[in-house]
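The primary structure of each chain is shown beneath.
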Amino acid sequence: MQRRRRFLQGVLATVGAMGGGVWWVRTSQRRAARLGRQLFADARRSIIPAAVKPRPEQWSDNEITICWLGHATVLINFYGIRIITDPVLGNHIGVSLGLGTLGPKRYIAPALRFSQLPPIDVVLLSHAHMDHMDVSSLGRFPKSTFAVTAGTTRDVLTGSRLAPIVELGWNERTTFRSAKGELEIAAFEVKHWGQRWPKELARGYNGYVLRREGRAILFGGDTAQTPLFSKLRSRGPFEVAIMPIGAYQPWIWNHCTPEQAVEMANQAGARYIVPVHHQTFRLSDEPMTEPLERLEAALHHEPERLALRKVGESFPCGKA
């Protein structure tokens, strides 16, 4: 009888704790509770199809074509060499549980799923955060794909088939060589951080300059406002600066505002701006549409510089 009483007391205590936990998730304004509410809401929400379906098989190898697939994932045809940045092509980002991924759910589907990608020559990874280095997506690339990543991040890719993995620190460079020619990839310093949960290991975080046949593209990765972009001006001019514009509220010390993204692109001397890191996942407190609205306002005197607005749009430039 006494053991039965203790068992019932334990069950009641567990139920009470669960009820208290549910009440806390429903009512608390702490970030963990708000994240819990978001995950519950995500489970009931449908993912919106991308507004535009890109046709990379129709792109010319005699020009540069940039296509935003969603978040920080950009598909680039750089005179016949095909590059993809920070490929995240699943429905969720976060912790892989084998049968799925636990974490934020996409609002907009990737413009191309993995099976719809053209053959990729180079995978370019800015840093090891889960919304930029997605193990599920990276595990699908063939072994022959040339991968470039930031320092002390190769171990995250252990489960992938990627074999030629080049880690670059700031001011280091490498060259991809193929039958279609060469692509120079140079890493530069940005203002961010690189740890990947659950490890507290200090990891690298990069922006990149891509150079081929006398033309250059700037990929800003993730960055807060920094004067470091002014040092890139002598390495231009840049046809395009791919710049992050979201997740600044309250993470302003790690992510720039849209206005700051324009300022840094201007400091580097970029002709056009491709905004990324917005619309796709809710990672911060600003409204989902605010980053693009603020960017459009910041460029209202020169709207032609805003290369892309919607997931799936493609922008050709740099015709040879």
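See the structure above.
Residues numbered from 1 in each chain as written. Predicted model: local features only at pLDDT ≥ 70, side-chain atom pairs only at ≥ 80, totals over all residues. Heavy atoms only, no water.

### What to know about the overall build of the chain
1) Next: Per the secondary structure count, the chain includes five helices and 15 strands.
2) Next: Within the chain, the proportion of its 320 residues that are buried is 52%.
3) Next: The contacts in the chain between residues at least 6 apart in sequence include a share of 64% that link residues at least 24 apart.
4) Next: By element, 55% of the accessible surface of the chain is carried by carbon and sulfur atoms, the whole surface being about 15,200 Å². (Helix = DSSP H or I, 4+ residues; strand = E, 2+ residues; numbered from the N terminus. Buried < 20%, exposed > 50% of the residue type's maximum accessible area, 1.4 Å probe, protein only. Contact = heavy atoms within 4.5 Å. Areas by Shrake-Rupley, 256 points an atom, 1.4 Å probe, with all protein chains shown as cover.)

### Points about the side chain of T85
1) Next: Relative to the helices and strands, T85 resides in strand β3 (residues 81-85).
2) Next: From its side chain, T85 meets the backbone oxygen of A72 in a polar contact 2.8 Å long.
3) Next: Filtering out sequence-adjacent residues up to four positions away, T85 remains in contact with A72, T73, V74, I76, L124 and F219. (Polar contact = N/O pair within 3.5 Å; in protein donor to acceptor, adjacent residues only side chain to side chain.)

### A word on the nonpolar core
1) Next: Judged by nonpolar contacts, the single largest core of 57 residues is most densely connected at I185, L210 and I242.
2) Next: In this view, I185 contacts V122, L124, F146, V148, L168, E172, R173, T174, Y208, V209 and L210; residues no more than four positions away in its chain are not counted. (Core = buried A, V, L, I, M, F, W, Y, C linked by side-chain atoms within 4.5 Å.)

### Brief notes about helix α4 (residues 258-268)
1) Next: For α4, the set of buried residues is P258, Q260, A261, V262, M264, A265 and A268.
2) Next: Tucked into the core, α4 has its buried residues touching β12 (215-219), β13 (238-244), β14 (270-276) and α5 (290-298).
3) Next: In the segment just after α4, G269 is the residue with positive phi, at about 85 degrees.

### A word on the packing of aromatic side chains
1) Next: For the structure on display, the rule yields seven aromatic pairs.
2) Next: Look at W170 and Y205: their rings are 5.4 Å apart centre to centre, the planes differ by 75 degrees, and that puts the pair in the edge-to-face class. Highlighted residues: W170 in the loop between β8 (165-168) and β9 (173-178) and Y205 in the loop between β10 (181-189) and β11 (206-212), separated in sequence by 35 residues.
3) Next: According to the relative accessible area criterion, W170 is partly exposed, its value standing at 34%.
4) Next: Pairing Y272 with F315 gives two aromatic rings, centres 4.8 Å apart and planes at 65 degrees, and the pair type is edge-to-face. Residue Y272 is found in strand β14, and its partner F315 is found in strand β15 (residues 314-317); the two are separated by 43 residues along the sequence. (Phe/Tyr/Trp six-rings, centres within 6.5 Å; stacked < 30°, edge-to-face > 60°.)

### Points about the pattern of salt bridges
1) Next: This model, assessed by the stated rule, comprises 13 salt bridges.
2) Next: The shortest N-O distance in the salt bridge between R211 and E184 comes to 3.9 Å. Placement of R211 in strand β11 and of E184 in strand β10 is noted, with a sequence separation of 27 residues between them.
3) Next: When its relative accessible area of 24% is taken as the criterion, E184 is described as partly exposed.
4) Next: With a shortest N-O distance of 3.2 Å, E239 and R215 are connected by a salt bridge. Here E239 is found in strand β13, whereas its partner R215 is found in strand β12, with 24 residues between them in sequence.
5) Next: Here the salt bridges share partners, and the residues they tie into one network are D155, K199 and R203. (Salt bridge = Lys/Arg side-chain N within 4 Å of Asp/Glu carboxyl O.)

### Regarding the sheet that holds strand β1 (residues 64-70)
1) Next: Pairing is mixed across the open sheet formed by seven strands, whose spatial order is β8-β7-β6-β3-β2-β1-β15. Edge strands, defined here as strands with exactly one partner in the open sheet, are β8 and β15. In this sheet, adjacent strand axes meet at a mean angle of 20 degrees when their direction is disregarded.
2) Next: Of the strand pairs in this sheet, strand β7 (residues 146-150) and β8 are connected by four bridges, and their pairing is parallel. (Pairing = 2+ DSSP bridges. Axes fitted to C-alpha atoms, helices over the stretch in contact; angles between N-to-C directions.)

### Quick word on the pairing of β10
1) Next: Of the strand pairs in this sheet, β9 and β10 are connected by six bridges, and their pairing is antiparallel. By the bridge assignment, R177 is partnered in β10 with E182.
2) Next: Counting the residues that bridge the hairpin from β9 to β10 gives two residues.
3) Next: Pairing analysis gives six bridges linking β10 to β11, with the strands arranged antiparallel. The residue bridging I185 from the neighbouring strand is L210, located in β11.

Purely geometric numbers; function is a separate question.
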